[in-house]
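Fold and contact review
Listed below are the residues making up each chain.
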Amino acid sequence: MSLASSESAPAIDPAFAGDPSWRVTRELRDGTHVVLRPVTPDDREELRRGFLALSPESRYFRFLHVGAIPTEELLSYLTSVDQRDHVAIGATIESPDLKTERGVGIARFVRLEGSAHTAEAAITVADDMHRRGVATVLLRELLRAARVRGIRTLRAEVLADNDTMRAILERAGAVKVLAESGEGTIAYDLAIGDEREKPSLFDVLRGAAETMALRFRR
Ligand SMILES: CC(C)(COP(=O)(O)OP(=O)(O)OC[C@H]1O[C@@H](n2cnc3c(N)ncnc32)[C@H](O)[C@@H]1OP(=O)(O)O)[C@@H](O)C(=O)NCCC(=O)NCCS
């Protein structure tokens, strides 16, 4: 699947600028449709369910420590977002009768205090949905949401052994920020250019896929 095909009409959809009714639908490589929408406090129980369904490894990679659990405080922090300085976009799959939906991923950023143009980002996709393009469509909308809020740099702190996310970031042109890196973690900064200016992250991700494939082949 070329990543471009899942974004066939991205230019038409407005970026998420804070409107609670914002929704876009994206098609994954297997034809599955995911709905991207703002995360709200009503997502608390679905987030708890998704968190508990994550493997210990995925929790470790996302929360940078072993044994992360969905405490009430953490669930409040992850769902009570102002969608201005703390933005969270969820990906859901709706049931055929459109009566229910299942959360399959969340991408978020938090604007850093004292640096209005930089935000720290994080992303998680449900384990059974990996490698289907969910992170790709989420990251695209997260980048666009950051750009319309005047954010020029997305910072990601990842564990040194999180090869997948490091490959995605490095291939996307993110640079290591050693001064911000910690014990066992590496901080990356990804510059957000003008939408027309730079090749989309997805071209980059496609590159990452090719690199990964190459690495595995070798
Ligand atoms: C990292 C993560 C978000 C990727 O999500 P995903 O939906 O599987 O990613 P995508 O399907 O959009 O893949 C994007 C590209 O990443 C690379 N990639 C993703 N998972 C990979 C894997 N397990 N092995 C090799 N390459 C991989 C590929 O290049 C892929 O390109 P492709 O579309 O050509 O296959 C997901 O693995 C995850 O949630 N991990 C646990 C939490 C975490 O590590 N978060 C990041 C730190 S905040």
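Our subject in this report is the structure included herewith. (Residues numbered from 1 in each chain as written. Predicted model: local features only at pLDDT ≥ 70, side-chain atom pairs only at ≥ 80, totals over all residues. Heavy atoms only, no water.)

Let us now look at the overall build of the protein. Within the protein, the secondary structure is distributed over six helices and eight strands. For the protein, the sequential pattern of α-helices and β-strands runs β-β-α-α-α-β-β-β-α-β-α-β-β-α. Within the span of the protein, comprising 218 residues, buried residues form 47% of the whole. Considering only residue pairs separated by 6 or more positions, the protein has 63% of its internal contacts joining residues 24 or more positions apart. Carbon and sulfur atoms make up 55% of the accessible area of the protein, which amounts to about 11500 Å² in all. (Helix = DSSP H or I, 4+ residues; strand = E, 2+ residues; numbered from the N terminus. Buried < 20%, exposed > 50% of the residue type's maximum accessible area, 1.4 Å probe, protein only. Contact = heavy atoms within 4.5 Å. Areas by Shrake-Rupley, 256 points an atom, 1.4 Å probe, with all protein chains shown as cover.)

For the coordinates displayed, the defined rule picks out three aromatic pairs. Between Phe51 and Phe63 the ring centres are 4.9 Å apart and the planes differ by 15 degrees, which places this aromatic pair in the stacked class. In this pair, Phe51 sits in helix α1 (residues 44–53) while Phe63 sits in helix α2 (residues 56–63), placing the two residues 12 residues apart along the sequence. With a relative accessible area of 4%, Phe51 lands in the buried category. Relative accessible area serves as the criterion here: at 17%, Phe63 is assigned to the buried category. Seen from the ring of Phe63, Arg62 lies directly overhead, with NZ or CZ sitting 4.4 Å from the centre. Geometry around Phe16 places Arg149 over its ring, the cationic atom sitting 5.0 Å from the centre. (Phe/Tyr/Trp six-rings, centres within 6.5 Å; stacked < 30°, edge-to-face > 60°. Lys NZ or Arg CZ within 6 Å of the ring centre and 35° of its normal.)

A word on the pairing of strand β2 (residues 33–38). With five of six residues buried, β2 is to be regarded as a mostly interior element. Counted between consecutive antiparallel strands, the loop separating strand β1 (residues 24–27) from β2 contains five residues, among which Gly31 sits at a positive phi close to 90 degrees. (Pairing = 2+ DSSP bridges.)

Looking at the second largest pocket, its volume works out to about 480 Å³. Looking at the second largest pocket, it is lined by 30 residues, and the ones nearest its centre are Leu47, Gly50, Gly103, Gly105 and Ile106. Among the secondary structure elements, those contributing two or more residues to the lining of the second largest pocket are α1, α2, β3 (86–94), β4 (101–112) and β5 (115–125). Element by element, the count of residues in the lining of the second largest pocket is highest for β4, at seven residues. The class makeup of the residues in the lining of the second largest pocket is 14 nonpolar, six polar and 10 charged. (1 Å grid on protein atoms, 1.4 Å probe; cavity = no way out; pocket = protein on both sides within 12 Å on 5 of 7 lines; lining within 4 Å. Points joined across faces, edges and corners; volume = space filled by probe spheres on them. Nonpolar A, V, L, I, M, F, W, Y, C, P; charged D, E, K, R; others polar.)

What follows deals with unusual backbone geometry. Phi at Leu64 takes a positive value of approximately 65 degrees, unusual for a residue other than glycine. On the secondary structure map, Leu64 appears in the loop between α2 and α3 (72–79). What makes Leu64 partly exposed here is its relative accessible area of 29%. The phi dihedral of Gln83 falls on the positive side, at around 55 degrees, and the residue is not glycine. Along the chain, the position of Gln83 falls in the loop between α3 and β3. Since its relative accessible area comes to 11%, Gln83 is described here as buried.

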